[in-house]
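Now for the letters of each chain:
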Amino acid sequence: MNHLLTYDQIEAAYRPLVEELEIWLQEQGEAGAGNALYGEAWNALSLGYLHLGEMERCLESRREGYDITEWDFLKLEVCDRTRVIPSSDSVWDEYGRIIESGGGVTYGEADREIRWEESADGIVVVLEYDSLGRVSKSVQTWTDDGYEYVQEYEYEGGNTVMVTGYSTGNSPSYATLSYDEYGRPLNELEWSN
């Protein structure tokens with residue numbers, strides 16, 4: 001479950017982390033050249049900017065990180081990451097977002113996934129967001145038989161969301177999800193009718 005936070009909540013959660021990481025990386029200078037863990041720090045910085053929707057700064061931090069560390073994962077290109085991470089079957093774009101992992105992903109603003117296809121299972125997932133940037137609806141469609149499963153999200157404040165799930169020909173089920181200031185779920189969905 002991702003994208004439960006508003007744009008303001010993302011700003012409050014990620015801005016301090018990005019600023020601290022920038023300071024730390026500047027203090028380190030080129031001391032971490034060739035160190036994959038140092039490359040991970042540059043990747044984390046770029047992902048922070050990605051979550052904040054600052055696409056140019058995301059690319060700048062990936063470029064600078066690659067120049068210092070020469071870590072392939074930070075290259076500004078679309079590439080198959082199996083050459084960097086052998087267990088990965090993913091293709092990533094220049095921002096570090098997965099664009100293929102058994103299917104294709106389409107992104108909206110910043111890192112908002114709006115559609116992906118899981119070709120092995122024949123599933124297409126489409127996500128919708130509210131005006132605050134939170135996921136409001138998820139529609140999963142099985143392409144072989146047209147079966148559809150929908151989840152709608154109604155935010156109740158205090159980092160709690162009521163999720164309504166329903167599928168073709170069935171009555172809805174309901175669950176409540178709580179999440180922390182970083183959008184991480186604090187409980188499992190327990191469905192009831």
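Higher on the page you've got the structure.
Predicted model only: the values in this text are computed from it and were never measured. (Residues numbered from 1 in each chain as written. Predicted model: local features only at pLDDT ≥ 70, side-chain atom pairs only at ≥ 80, totals over all residues. Heavy atoms only, no water.)

A. Inspection of the packing of aromatic side chains at higher detail. Per the stated rule, a full pass over the model turns up 3 aromatic pairs. Geometrically, the ring pair formed by Trp142 and Tyr147 is edge-to-face, given 5.2 Å between the ring centres and 65° between the ring planes. Accessibility expressed as a relative area gives 31% for Tyr147, which makes it partly exposed. Above the ring of Tyr155, the side-chain terminus of Arg134 is found at 4.0 Å from the ring centroid. (Phe/Tyr/Trp six-rings, centres within 6.5 Å; stacked < 30°, edge-to-face > 60°. Buried < 20%, exposed > 50% of the residue type's maximum accessible area, 1.4 Å probe, protein only. Lys NZ or Arg CZ within 6 Å of the ring centre and 35° of its normal.)

B. Broad picture of the sheet that holds strand 6 (residues 123-129). Reading across the sheet, the 7 strands line up as 4-5-6-7-8-9-10 and stay open at both edges, with antiparallel pairing between neighbours. If you trace the sheet from one side to the other, it starts and ends with strand 4 (105-107) and strand 10 (173-178), each paired once. Across the sheet, the mean angle from the axis of one strand to that of its neighbour is 15°, orientation sign disregarded. Bridge count for strand 7 (residues 135-142) against strand 8 (residues 148-157) is 5 bridges, and the pairing is antiparallel. Within strand 8, the position partnered with Ser138 by the bridge is Gln151. (Pairing = 2+ DSSP bridges. Helix = DSSP H or I, 4+ residues; strand = E, 2+ residues; numbered from the N terminus. Axes fitted to C-alpha atoms, helices over the stretch in contact; angles between N-to-C directions.)

C. Highlighting the nonpolar core. In this structure, Trp42, Tyr155 and Val161 are the most contacted members of the largest nonpolar core, which totals 32 residues. Where this core is concerned, the elements lending two or more residues are helix 1 (7-28), helix 2 (36-52), helix 3 (55-69), strand 6, strand 8 and strand 9 (160-167). No other element matches helix 2, which puts 7 residues into this core. Excluding residues within four positions of it along the chain, Val161 makes contact with Tyr153, Glu154, Tyr155, Ala175, Thr176, Leu177 and Tyr179. (Core = buried A, V, L, I, M, F, W, Y, C linked by side-chain atoms within 4.5 Å. Contact = heavy atoms within 4.5 Å.)

D. Highlighting helix 1. The first and last C-alpha atoms of helix 1 sit 31 Å apart over 22 residues, in line with the 32 Å expected at 1.5 Å per residue. At Tyr14, helix 1 shows its maximal bend, which comes to roughly 30°, and the proline Pro16 appears one to four places after that position. Inspection of helix 1 places Ile10, Ala13, Tyr14, Arg15, Val18 and Leu25 among the buried residues, and these make up the whole buried set. Remark: Gly29 follows helix 1 within two positions and exhibits a positive phi of approximately 60°. (Expected span 1.5 Å × (residues − 1). Bend = angle between axes of the 7 residues up to and from the residue.)

E. Inspection of the pairing of strand 5 (residues 113-118) at higher detail. Sheet topology places strand 4 next to strand 5; 3 bridges connect them, and they run antiparallel. Paired with Thr106 across the strands is Arg115, a residue of strand 5. In terms of strand pairing, strand 5 meets strand 6 through 4 bridges, oriented antiparallel. If you follow Arg115 over to strand 6, its bridge partner there is Val126.

Take it as geometry only, folks, not as evidence of what the structure does.
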